[in-house]
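Okay, here's what each chain looks like letter by letter:
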Amino acid sequence: MVVLGATLAMVLAVWGLARLASAPSYSLLYAGLENGAAGDVVKALEARGVQYDIRGGAIFVPDSDRDGLRLTLASEGLPANGGQGYELLDGLSGFGTTSQMFDAAYWRAKEGELARTIVSNPQIASARVHIANSSANPFQRDVTPTASISVTTTGGTLSAQQARALKYLVASAVPGLEPEGVAVIDGKGGLIGAEAEHGAGPTADDKAALLRDRVQRLMEARVGVGNAVVEVSVDTVTESELIRSRSFDPEGRVVISTDTEESTDRSENQGGGNVTVASNLPDGNAGGGDTSSSQKAETRERVNFEVSETTREITRVPGAIKRLTVAVLVNGTYTEDGNGNQTFEPLPEDELQALRDLVASAVGYDEERGDQITLKSLSFERPEGLGTGPLEPGLFTGVIDTMRLIQMGVLALVALVLGLFVVRPVLARGAGGEAGMAGALPAPGEGDAGPALDGEIEPLGGFGDLPVMGDGPDFSGLGMVDFDSPPDEDPVDRLRNLIQERKTETVEILRSWLEEDRERAS
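All values reported here derive from a predicted model rather than from experimental measurement.

A. Structural detail: the overall build of the protein. Looking only at helices and strands, the protein has 12 helices and 14 strands in total. Taking all 522 residues of the protein together, the buried fraction comes to 22%. Taking contacts inside the protein between residues at least 6 apart in sequence as the whole, the part at least 24 apart equals 72%. Accessible surface, the protein: about 36600 Å² in total, of which carbon and sulfur atoms supply 54%.

Right, dumping it as structure tokens:
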């Protein structure tokens, strides 16, 4: 029973190890899907007959099929995380559908279509769009709709430019919606683009990151990837300032109008006489007197001048660069001496100066502003791990499944314990019993005291033809007595010596003879 149980356990352990080794290794296909989208993916996998495993809402498939399945499912529009779009309106019938129900379904369908469009971007894993529109209420006037977008990216956070693009996308799809009324919320970066809406420019950290990326690309193009470390510190203006100035230039007069006025005044005075009948007749002689006249002319000119005036208004917003500091650390080269030791050699000074000029041009270096650039060539701590190429494919270069390794280790340990503590002792016990039974009596021709006795004594000349003594005990385990000894040795002495040395065997032989004689006598 012990042997059968041990054998069965060994077979099961070997079978489990073989099945575990032959089972395909699973990798993640999709995770974080909605219930409907996850169900569609599972149906597509079952239709293709692909093995899959669901672990806590995540779908796993064999490693060899993962990439192909992603491309195939993507061509079929799976998974659809954007929700349903305008197909929601297909299920609405004219009978029993109120205007409020239709409006709610319409805005829900528009939100789904916008979410689908946003998710089509490979950098966005999921998106939700919410539109707040109160146009259904006829008693409200001048109500502007608003919207919000919640996205989850596959890598880093959304940039301000990407958030601005999403705002214009949603604002263009909703009548009366302005881009300023759309809020973009990233699951990793929070509210995106809020600074730009309030007139503030990029922060000091954003400017430092932009400049660091520029310098990093320049350095890596020369010294290699991983052989340069760049840090940029930007000191920006944090307060806002409004400056208004007004200046006049007296030399810069300009004639804007000219007004010329001319006047002439003329008067005459004639002395009077007596009025008579003759003076009233046409040809009569009237009485005459003294006569006087006067004339006056006047000219007036008015010229209007405009003095040159300059009005200036300057508004300084926070964010202007006040001071810039750049620190660049580059690795040098390593040479081997005769003993195989590596010796560090920094970059030459002319090359460092050329790199410094490139850095100054990339960051907009201004000496009057107090900018500073520090570029040093020093030894890195672990140069063997920096600037190296891709790793060669090996046994442990892929992703290691920890649970799979634990399962294989447990099965291997069980098989080892069964082999060492069950099967091996049973087999050793059986082999030891047979060896003990076979070794109770020495084999013919073996033994420290000479050949073993087998119960028969044959002289040198033999016994000739003797009658068969019948069946008796099997003494094949006893050795044959070798009487082919030299002639000078007495066989009787040799037999006496053998009996003295093999007393137990001799007693057994004599007992068998006595029993045989008793059987014949009876």
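Now that the structure is up, let's keep going.
B. Spotlight on the packing of aromatic side chains. One pass over the full model with this rule turns up two aromatic pairs. Measuring from ring centre to ring centre gives 5.4 Å for Tyr106 and Trp107, while their planes differ by 70°; the resulting arrangement is edge-to-face. When the ring centre of Phe60 is taken as reference, the NZ or CZ atom of Arg55 above it lies at 4.3 Å. Between the NZ or CZ atom of Arg356 and the centre of the ring of Tyr365, over which it lies, the distance is 5.8 Å.

C. Up close: the side chain of Ser512. Its location among the elements puts Ser512 in helix α12 (residues 503-521). Side-chain polar atoms of Ser512 contact the backbone oxygen of Ile509, separated by 2.5 Å.

D. Structural context of the side chain of Ser27. The residue Ser27 is located in strand β1 (residues 26-30) in this model. The class of Ser27 is buried, set by a relative accessible area of 12%. Apart from the residues lying within four places of it in its own chain, the contact partners of Ser27 are Ile59, Phe60, Val61, Pro62, Asp63 and Arg66.

E. The pattern of salt bridges, seen in detail. Under the criterion given, the structure shown has 11 salt bridges. A salt bridge links Asp67 to Arg66, with the nearest nitrogen and oxygen atoms 3.3 Å apart. Between Glu313 and Arg244 there is a salt bridge, and its shortest N-O distance comes to 3.6 Å. Here Arg244 lies in strand β9 (residues 241-270) and Glu313 lies in strand β10 (residues 291-316), a separation of 69 residues in the sequence.

F. Quick peek at the sheet that holds strand β4 (residues 124-132). Across the sheet, which stays open at both edges, the four strands sit in the order β4-β5-β6-β7 with mixed pairing between neighbours. Each having just a single partner strand, β4 and β7 (190-192) make up the two edges of the open sheet. The average undirected angle you get between the axes of adjacent strands in this sheet is 25°. Across three bridges, strand β6 (residues 182-186) lies against β7 in antiparallel orientation. Directly across from Ile185, in β7, lies its bridge partner Leu191. Each of β5 (146-153), β6 and β7 is contacted by helix α5 (residues 160-173), which is oriented at about 135° to β6, the strand it contacts most.

G. Main features of the packing of helix α2 (residues 35-48) against helix α3 (residues 63-75). For the pair α2 and α3, interaxial distance at closest approach is 12 Å and the crossing angle is 115°. Of the two possible hands of crossing, α2 and α3 adopt the one that is right-handed. Mapping the contact onto sequence places Val41, Ala44, Leu45 and Arg48 in α2 and Leu69, Thr72 and Leu73 in α3. Looking at the contact of α2 with α3 residue by residue, the classes come out as five nonpolar, one polar and one charged.

H. Fine view of the environment of Gly39. Along the chain, Gly39 falls in helix α2. Residue Gly39 is classed as partly exposed on the basis of its relative accessible area, which comes to 28%.

I. Fine view of the sheet that holds strand β14 (residues 372-377). Read across the sheet, three strands follow the order β8-β11-β14 without closing on themselves; strand pairing throughout is mixed. Strands with a single pairing partner mark the edges of an open sheet, and in this sheet they are β8 (228-236) and β14. Mean inter-strand twist for the sheet, computed between neighbouring axes without regard to direction, equals 5°. Bridging between β8 and strand β11 (residues 321-330) involves nine bridges; their strand directions are antiparallel. Each residue of the ladder has a partner; that of Val232, found in β11, is Val326. Across the sheet, helix α7 (residues 204-223) touches β8 and β11, and the angle it forms with β8 is around 155°.

J. Molecular detail of the packing of helix α4 (residues 99-119) against α5. Packing of α4 against α5 leaves a shortest axis separation of 11 Å and a crossing angle of 150°. Here α5 runs roughly antiparallel to α4, going by the angle between their axes. Along this stretch, α4 crosses α5, giving a crossing that reads as right-handed. Every residue of α5 that contacts α4 at Lys110, Leu114, Thr117 and Ile118 is listed here: Leu166, Leu169, Val170 and Ala173.

K. Looking closely at a nonpolar patch on the surface. On the surface, Leu413, Leu416, Val417, Leu420 and Phe421 cluster together to form a nonpolar patch covering roughly 510 Å² of accessible area. Looking at the element boundaries, Val417 is found in helix α10 (residues 402-438).

L. Quick peek at the environment of Ile321. Structurally, Ile321 can be placed in strand β11. Residues Ile321 and Asp235 lie 86 residues apart in sequence; the distance between their C-alpha atoms is 6.0 Å. Residues within four places of Ile321 in sequence aside, it is in contact with Lys207, Val234, Asp235, Thr236 and Arg369.

M. Spotlight on α5. With 14 residues, α5 extends 20 Å from end C-alpha to end C-alpha; this agrees with the ideal 20 Å at 1.5 Å per step. Of all the positions in α5, only Ala163, Leu166, Lys167, Val170 and Ala171 are classed as buried. Down the axis of α5, the sector holding all buried residues measures 130°, keeping them to one side. Turned more than 90 degrees away from the buried face of α5, the exposed residues are Gln161, Arg164 and Ser172.

Reading guide: rules and limits
Residues numbered from 1 in each chain as written. Predicted model: local features only at pLDDT ≥ 70, side-chain atom pairs only at ≥ 80, totals over all residues. Heavy atoms only, no water. Helix = DSSP H or I, 4+ residues; strand = E, 2+ residues; numbered from the N terminus. Buried < 20%, exposed > 50% of the residue type's maximum accessible area, 1.4 Å probe, protein only. Contact = heavy atoms within 4.5 Å. Areas by Shrake-Rupley, 256 points an atom, 1.4 Å probe, with all protein chains shown as cover. Phe/Tyr/Trp six-rings, centres within 6.5 Å; stacked < 30°, edge-to-face > 60°. Lys NZ or Arg CZ within 6 Å of the ring centre and 35° of its normal. Polar contact = N/O pair within 3.5 Å; in protein donor to acceptor, adjacent residues only side chain to side chain. Salt bridge = Lys/Arg side-chain N within 4 Å of Asp/Glu carboxyl O. Pairing = 2+ DSSP bridges. Axes fitted to C-alpha atoms, helices over the stretch in contact; angles between N-to-C directions. Left-handed = near helix turned anticlockwise from the far one by under 90°. Nonpolar A, V, L, I, M, F, W, Y, C, P; charged D, E, K, R; others polar. Parallel < 35°, antiparallel > 145°, perpendicular 65-115°, else oblique. Patch = residues over 30% accessible without salt bridge, like charges linked within 9 Å, V, L, I, M, F, W, Y side chains within 5 Å. Expected span 1.5 Å × (residues − 1). Arc of directions from axis to C-beta.

Honestly, it's all geometry; don't read function into it.
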